[in-house]
Amino acid sequence: MYSLFTIHDLRFTGFCDSLFTIYHLPPQMIYLDNNATTRVAPEVFDAMRPYLTDVYGNPSSAHSLGRRMKSAVELAREQVAELLGAADPGEIVFTSCGSEADNWAIGGFLEQNPTRRHIITTRVEHEAVRNLCEHLAEIGCEVTWLEVDGNGELNLDDLHQVLRRDTGIVSVMLANNETGVLFPIDKIGRIVRENSDAVFHVDGVQAVAKIPINLKELDVDLFALSGHKLHAPQGVGALYIRSGVKLPPFIIGGGQEGGRRAGTSAVPNIAALGAACELARKFAEHERIEKLRNKLEDKILGTIPNARLNGTPDRTKRLPNTANISFEYVEGENILLHLDKAGVCVSTGSACHSTTKESSPTLRAMNVPYTAAQGSIRFSLGRYNTEEEINHTLAILPEIIGKLVEMSPYDKELKALYTARGGA
Ligand code: PLP
């Protein structure tokens, strides 16, 4: 019966309160999937609300409402530039998402420079870069893929060796979406600048608002970000284009975004992205989130014998909010479903390949064994997580893993592993 009506319907249709009390809302979920997307912050919603209600008009219109819309876009541009440490707000161009920004950066550069078709990227990029580069390789570009080690880290000597005078673009993410491993874009940018004429593109989607960034001090030419990873709504992103770097327009049409990306601006979303950047800059929560992540990670690794960390154990080289942990010889999908049933949202590796059975390309590139990669769970924390939520997750997880261990067909391997690591 509950499924036939929403609570709102019952109230709206005048059901009395005593009857209402027999229907209960599903319990509050514990959301530990903030690398997939984040909840819109109330401050952000407040900032976008006027542009969905009273203040409307086309930002290209000359009348006062249009001018107010335009001011909202320009304020947001300043707020994004401020958070990124860009030298000039004019270096920020709004897009519809992070994938668009990544595609524009790489595809646009190649369109502008058709003879410079050597691209360098890594094996562990998000699909927005990886699939694009695979496509570009199919249509005649030469792509060099940098490998990572077992900790998910790059060897910068490899970059030195493959960088050529004719390399067009180097694309390296700042933070890996699955493991949280950070790549040293300061050193990479310097190597690129000193040894080639290539432009340096950074997929910064997972890093913005999680770690401090100062583009003024970095040799980065193009930098992509996405609003929904930092408490703005889905449907807005931005590309930082360093002054002097030329890209053809992503959409040809009107003169919006300085003629670089046509189409009427999504003012509510853009205002929201600006407010989200302001929130991240003024009320950073990195340290509190890191403490919670460390507690979760330490307890799991210390008490569950088949748990192993994916990504470097050096926490200074990882995002403060991410813990990617494999539970060996059990299925990550099963863990996810049990946790979901218990009210905890997590992800198996990247949300984008949660429908396929293949282990994630990132974990494969790190040589994580199949039986561990299949049992990988990404816990990604955010500004709304509390210590109680982490305690609750820690309280229910061992029982879930214990049940799945009992059902696992790998009983010999598990027994050996539990004996070796001192478990029950
Ligand atoms: N790059 C990275 C590292 C990501 O994690 C994501 C999304 O998960 C993207 C790019 C794509 O961003 P969007 O979802 O805004 O297209």
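Nothing here was measured: the structure is a model prediction, and the numbers come from that model.

Draft legend 1. Highlighting the overall build of the chain. What the chain contains, in helices and strands, is 15 helices and 12 strands. Radius of gyration (C-alpha) of the chain: 23 Å, near the 22 Å computed for a compact globule of 424 residues. Expressed as a percentage of the 424 residues in the chain, the buried residues total 46%. Contacts in the chain between residues at least 24 apart in sequence constitute 73% of all its contacts with a sequence separation of at least 6.

Draft legend 2. Just helix α8 (residues 185-195), in detail. Those residues of α8 lying buried are I185, I188, G189 and V192. End-on, the buried residues of α8 take up no more than an arc of 100 degrees, which puts them together on one face. Structural note: α8 exposes D186 and E194 on the side pointing more than 90 degrees away from its buried face. At its buried positions, α8 is contacted by α7 (156-162), β5 (167-173) and β6 (199-203).

Draft legend 3. Up close: the site of the ligand. Inspection of the region around the ligand gives 14 residues, with C97, G98, S99, N177 and S226 positioned closest. At 3 residues, the largest contribution of residues to the shell around the ligand is made by helix α5 (residues 98-112). Of the residues assigned to the shell around the ligand, the class counts are 4 nonpolar, 8 polar and 2 charged.

Draft legend 4. The arrangement of the sheet that holds strand β12 (residues 376-380) in detail. Taken in spatial order, the 3 strands line up as β9-β10-β12 in an open sheet, and their pairing is antiparallel. Pairing within the sheet leaves two strands with one partner each, and these edge strands are β9 (307-310) and β12. If you compare each strand with its neighbour and ignore which way they point, the axes differ by 30 degrees on average. When strand β10 (residues 322-327) meets β12, the two strands line up antiparallel, connected through 5 bridges.

Draft legend 5. The sheet that holds strand β4 (residues 142-146), seen in detail. With respect to topology, 7 strands assemble into an open sheet ordered β2-β8-β7-β6-β5-β3-β4, the strand pairing being mixed. Edge strands, defined here as strands with exactly one partner in the open sheet, are β2 (92-95) and β4. The average undirected angle you get between the axes of adjacent strands in this sheet is 20 degrees. Relative to the sheet, α5 contacts β2, β5, β6, β7 (222-226) and β8 (237-241), its axis offset from that of β7 by approximately 160 degrees.

Draft legend 6. Molecular detail of the pairing of β4. As defined by bridge partners, strand β3 (residues 118-122) adjoins β4 across 5 bridges and the pair is classed as parallel. Its bridge partner lying in β4, T121 is registered against W145. With respect to chirality, the unit in which β3 leads through helix α6 (residues 127-138) into the neighbouring parallel β4 is right-handed.

Draft legend 7. Inspection of unusual backbone geometry at higher detail. For E257, which is not a glycine, the phi torsion comes out positive at approximately 50 degrees. Of note, E257 is situated in the loop between β8 and α9 (267-282). The class for E257 is buried, based on 21 C-beta atoms found within 10 Å. The backbone of N367 shows a phi angle near 60 degrees, a positive value even though the residue is not glycine. With respect to the helices and strands, the residue N367 is situated in the loop between α12 (361-365) and α13 (370-373). N367 sits in the exposed class, given 11 other C-beta atoms within 10 Å.

Draft legend 8. View of the packing of helix α4 (residues 64-84) against α9. One can describe the packing of α4 onto α9 by two numbers: an axis separation of 8 Å at closest approach and a directional angle of 35 degrees. Both α4 and α9 take part in a crossing whose hand is left-handed. Between α4 and α9, the contacting residues are M69, A72, V73, L75, A76, Q79, V80, E82 and L83 on the first element and V267, I270, A271, L273, G274, C277, E278, A280 and R281 on the second. The residue inventory of the contact of α4 with α9, partitioned by class, reads 13 nonpolar, 2 polar and 3 charged.

Draft legend 9. Local environment of the domain arrangement of the chain. The domain boundaries assigned to the chain delineate domain 1 (49-282) and domain 2 (286-420). If you average the C-alpha positions of domain 1 and of domain 2, the two centres end up 30 Å apart. Facing the 21 residues of domain 1 at the interface are 21 residues of domain 2. Broken down by class, the residue content of the side of domain 1 that touches domain 2 amounts to 6 nonpolar, 8 polar and 7 charged.

Draft legend 10. Fine view of the nonpolar core. Ranked by internal contacts, the top residues of the largest apolar core, which has 86 residues, are A238, L239, Y240, A271, A272, L273 and A276. When residues of this core are sorted by domain, at least three fall in each of domain 1 (49-282) and domain 2 (286-420). Discounting chain neighbours no more than four positions away, the residues touching A272 are V44, A47, M48, G227, A232, P233 and V236. One finds L32, I289, L296 and I325 within the second-largest nonpolar core, a separate group that totals 27 residues.

Draft legend 11. Examining the environment of I300 more closely. Within the element layout of this structure, I300 appears in helix α10 (residues 286-303). On the basis of neighbour count, I300 is assigned to the buried category, with 22 C-beta atoms found within 10 Å. In this structure the C-alpha to C-alpha distance between I300 and F327, which are 27 residues apart in sequence, comes to 9.9 Å. Apart from the residues lying within four places of it in its own chain, the contact partners of I300 are A307, I325 and L397.

Conventions we followed
- Throughout, residues of each chain are indexed from 1 in the direction in which the sequence is written.
- The model is predicted, so local features are restricted to residues of pLDDT at least 70 and side-chain atom pairs to those at 80 or more, both for listing and for counting; the totals for chains, interfaces and linings are taken over all residues.
- For helices the rule is a DSSP run of H or I covering at least 4 residues; for strands it is a run of E covering at least 2, with both sets numbered from the N terminus onward.
- For the radius of gyration, the atoms used are the C-alpha atoms, and the globule rule reads 2.2 Å times the number of residues raised to 0.38.
- Exposure classes come from backbone-placed C-beta atoms, where a residue is buried if 20 or more other C-beta atoms lie within 10 Å of its own, exposed if 12 or fewer do, and partly exposed in between.
- A pair of residues counts as a contact when their C-beta atoms, built from backbone coordinates, are within 7 Å of each other.
- Each direction from the helix axis to a C-beta atom contributes to the arc, which is the arc of those directions.
- A residue counts as near a molecule or strand when its C-beta atom, positioned from the backbone, falls within 6 Å of it.
- Note on residue classes: Ala, Val, Leu, Ile, Met, Phe, Trp, Tyr, Cys and Pro are nonpolar, Asp, Glu, Lys and Arg are charged, and everything else, Gly too, is polar.
- Here, strands pair whenever DSSP counts at least two bridges between them.
- In this analysis, axes come from line fits to C-alpha atoms, helices being fitted only over the stretch in contact, and the angle between any two N-to-C directions falls in the range 0 to 180 degrees.
- Crossovers are described as right-handed under a simple rule: with the strands pointing away from the observer, the path leading from the first strand over the helix to the second runs clockwise.
- Crossing handedness is read from the near helix: turned anticlockwise from the far helix by less than a right angle, it gives a left-handed crossing, and turned clockwise, a right-handed one.
- These domain boundaries are the output of an automatic or database domain assignment.
- What makes a nonpolar core is a set of buried Ala, Val, Leu, Ile, Met, Phe, Trp, Tyr and Cys residues, with links drawn between C-beta atoms within 7 Å.

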